[in-house]
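# Structure assessment
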Amino acid sequence: MQKKIDLPLNHSDIVSLKAGDRVLLSGVVYTARDAAHKRMYEQEEMGMPLPIDLTNQVLYYVGPTPEKPGEVIGSAGPTTSSRMDAYTPKLIAKGLKGMIGKGYRSDEVKQAIMNHKAVYFGAVGGAAALISRSIKSSEVIAYPDLGTEAIRKLVIENFPVFVINDVYGGDIYIDGTTKYKRENE
Amino acid sequence: MKIIEYQTIVEEVKEMCKKANYNLGEDVYTAFSQALKTEKSETGREVLSQLIENADIAKAEQVPMCQDTGTAVFIVELGQNCQITGGSLVEAINEGVAKGYGEGYLRNSIIHHPLDRKNTGNNTPAIVHIELVEEEHIVIHMTAKGGGAENMSDLKMLKPSDGVDGIKEYVLDIVKKAGPNACPPLVVGIGIGGNFERCAYLAKKSLFRPIGIRNHDQTIAAMEEELMMEINRLGIGPQGLGGSTTALDVKIEAEACHIAALPVAVNLNCHASRHQTSILM
Ligand code: SF4
């Protein structure tokens, strides 16, 4: 079963999602990885305004390759999310509702997802050329000095993801592995 | 005496960097197609289909299959009677990498210093290992090694009494800890023996052997197959979403070591196992 969801996320969509669901996302997402997270976090600590309003928004952890002439964006698959874990609970508390990345999240992030009703999606790591096809526009909107790590506004259409962590504490990495460990015996 | 021009190496390396990132090797592609037939999980099959489609797009459009175009790692078999004119081997490789990553629209992921973390802007320096050989040629093996899988790699000085069971337990533990982070299905590279640094090198070197080719030592080859089965029983599956395909292959390189030691290194590689080999005669 494949669900289609329009961004920004609304509450009823978020609570309808369960770990393991296949979803196609359409709408706006913002890119941010290590350096952009660090800078946003520091600005927040100093009481400065963030360059983007995160309320109800989705962050995509990605550092794309440079685009060839005529391309919207280069190859743009997910990077490992755990490197963002130190910053994420604070951003979720500020209103961030969704994240796209790959790999495990910390207990603190999973707790924040449950407490503030957010969702963590996984895209297929390494399927970057395929994923780029669902990115329709790309514009650097903050921290251009960070190069591949700058914050971009992307418009995506039918961007393929799986729900990894849902508001109910579901975690497909744990549940999927447990299920197939049993089946593979 | 064989003479090889600096510029020949630059041009060769430049092309290798691009090809490695655009064209997934036949060995990995075949392993995907094979896994698609045997994978038990529907989600796992969906992931594998996406990876096959991704490889097709990357090849047809000559774009990087993954946005992490990696650290450029080289193993060079250098004939001891070969001479390079016009500059040094390592400089030539670095110039080739800078050109390949620049002209090929590949991502620059290398920083000057682990603490200041400023990007060098051309993906150099590359990591270059040189092995002197007797043949009159230079063979350049290159891999674009992604950060996600490299970060989940590990090394441990086991006790000789830990034996084969201890080695297996340790390898399975590293693969479990890596879970989805290393972008499974994986190629698991293992070094056994040598010493602390040699063991890590052996693990890396094992990953240069194509999928499906076993170690020529029968005992080690059997261990590769056993570990492969045990890893695939873990249930991690494609992208860690659950399934029966966690590893596409397991590679082991073993070497002599000290009577008191049993070093074991596990170098994980993601499914974007990107390799090129070029022979300069
Ligand atoms: S681990 Fe491999 S497939 Fe995954 S993002 Fe890194 S380079 Fe790409």
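What you see is a predicted model; the values in this text were computed from it and never measured.

All names here are of chain B. The domains assigned to chain B are domain 1 (2–21 + 65–145) and domain 2 (148–272). Here the C-alpha centroids of domain 1 and domain 2 sit 26 Å apart. Opposite the 11 residues of domain 1 that make contact, domain 2 presents 12 residues. Between domain 1 and domain 2 the total buried area reaches about 850 Å² when both faces are included, carbon and sulfur atoms providing 65% of it.

Now for the site of the ligand. Taken together, 13 residues lie around the ligand, and Cys66, Gly146, Cys183, Cys270 and Arg274 of chain B are the ones closest in. With respect to the ligand, the chains having nearby residues are chains A and B. Of the residues assigned to the shell around the ligand, the class counts are 5 nonpolar, 5 polar and 3 charged. For the shell around the ligand, the two domains that each supply at least three residues are domain 1 (2–21 + 65–145) and domain 2 (148–272) of chain B.

Given a rise of 1.5 Å per residue, 20 residues ought to cover 28 Å, and the 28 Å separating the end C-alpha atoms of helix 3 (residues 42–61) of chain B matches this to within 8%. When helix 3 of chain B is considered as a whole, its buried residues turn out to be Gly44, Glu46, Val47, Leu48, Gln50, Leu51, Ile52, Asn54, Ala55, Ile57 and Ala58 of chain B. Structurally, helix 3 of chain B contributes buried residues whose contacts are with strand 2 (22–31), helix 5 (128–132) and strand 7 (151–165) of chain A together with helix 1 (6–22) and helix 2 (26–38) of chain B. Of the residues flanking the start of helix 3 of chain B, the one acting as N-cap is Ser41 of chain B, its side-chain oxygen 3.2 Å from the backbone nitrogen of Thr43 of chain B.

Residue and element names in this part refer to chain B. Spatially, 4 strands are ordered 4-2-5-10 in an open sheet, and the strand pairing comes out mixed. Each having just a single partner strand, strand 4 (127–133) and strand 10 (274–280) make up the two edges of the open sheet. Strand-to-strand twist across the sheet, computed as the mean angle between neighbouring axes with direction ignored, equals 15 degrees. The strands touched by helix 1 are strand 2 (71–79), strand 5 (138–145) and strand 10; relative to strand 10, the strand with the most contacts, the crossing angle is about 155 degrees. Of the strands in this sheet, strand 2, strand 4 and strand 5 are in contact with helix 4 (residues 89–103), which crosses strand 2 at around 145 degrees.

For the rest of this paragraph, the subject is helix 6 (residues 163–178) of chain B. Residues and elements named next belong to chain B. For helix 6, built from 16 residues, the straight-helix expectation of 22 Å at 1.5 Å per residue is met to within 8% by its first-to-last C-alpha distance of 23 Å. The secondary structure elements touched by the buried residues of helix 6 are strand 6 (154–158), strand 7 (186–194), helix 8 (218–232) and strand 9 (262–269). The positive-phi residue at the C-terminal boundary of helix 6 is Gly179, with phi of around 45 degrees.

Calculation rules
- Residues numbered from 1 in each chain as written.
- Chains lettered and ligands numbered in written order.
- Predicted model: local features only at pLDDT ≥ 70, side-chain atom pairs only at ≥ 80, totals over all residues.
- Heavy atoms only, no water.
- Domains from an automatic or database assignment.
- Contact = heavy atoms within 4.5 Å.
- Buried area = accessible area lost by both parts, 1.4 Å probe.
- Near = heavy atom within 4 Å.
- Nonpolar A, V, L, I, M, F, W, Y, C, P; charged D, E, K, R; others polar.
- Helix = DSSP H or I, 4+ residues; strand = E, 2+ residues; numbered from the N terminus.
- Expected span 1.5 Å × (residues − 1).
- Buried < 20%, exposed > 50% of the residue type's maximum accessible area, 1.4 Å probe, protein only.
- Polar contact = N/O pair within 3.5 Å; in protein donor to acceptor, adjacent residues only side chain to side chain.
- Pairing = 2+ DSSP bridges.
- Axes fitted to C-alpha atoms, helices over the stretch in contact; angles between N-to-C directions.

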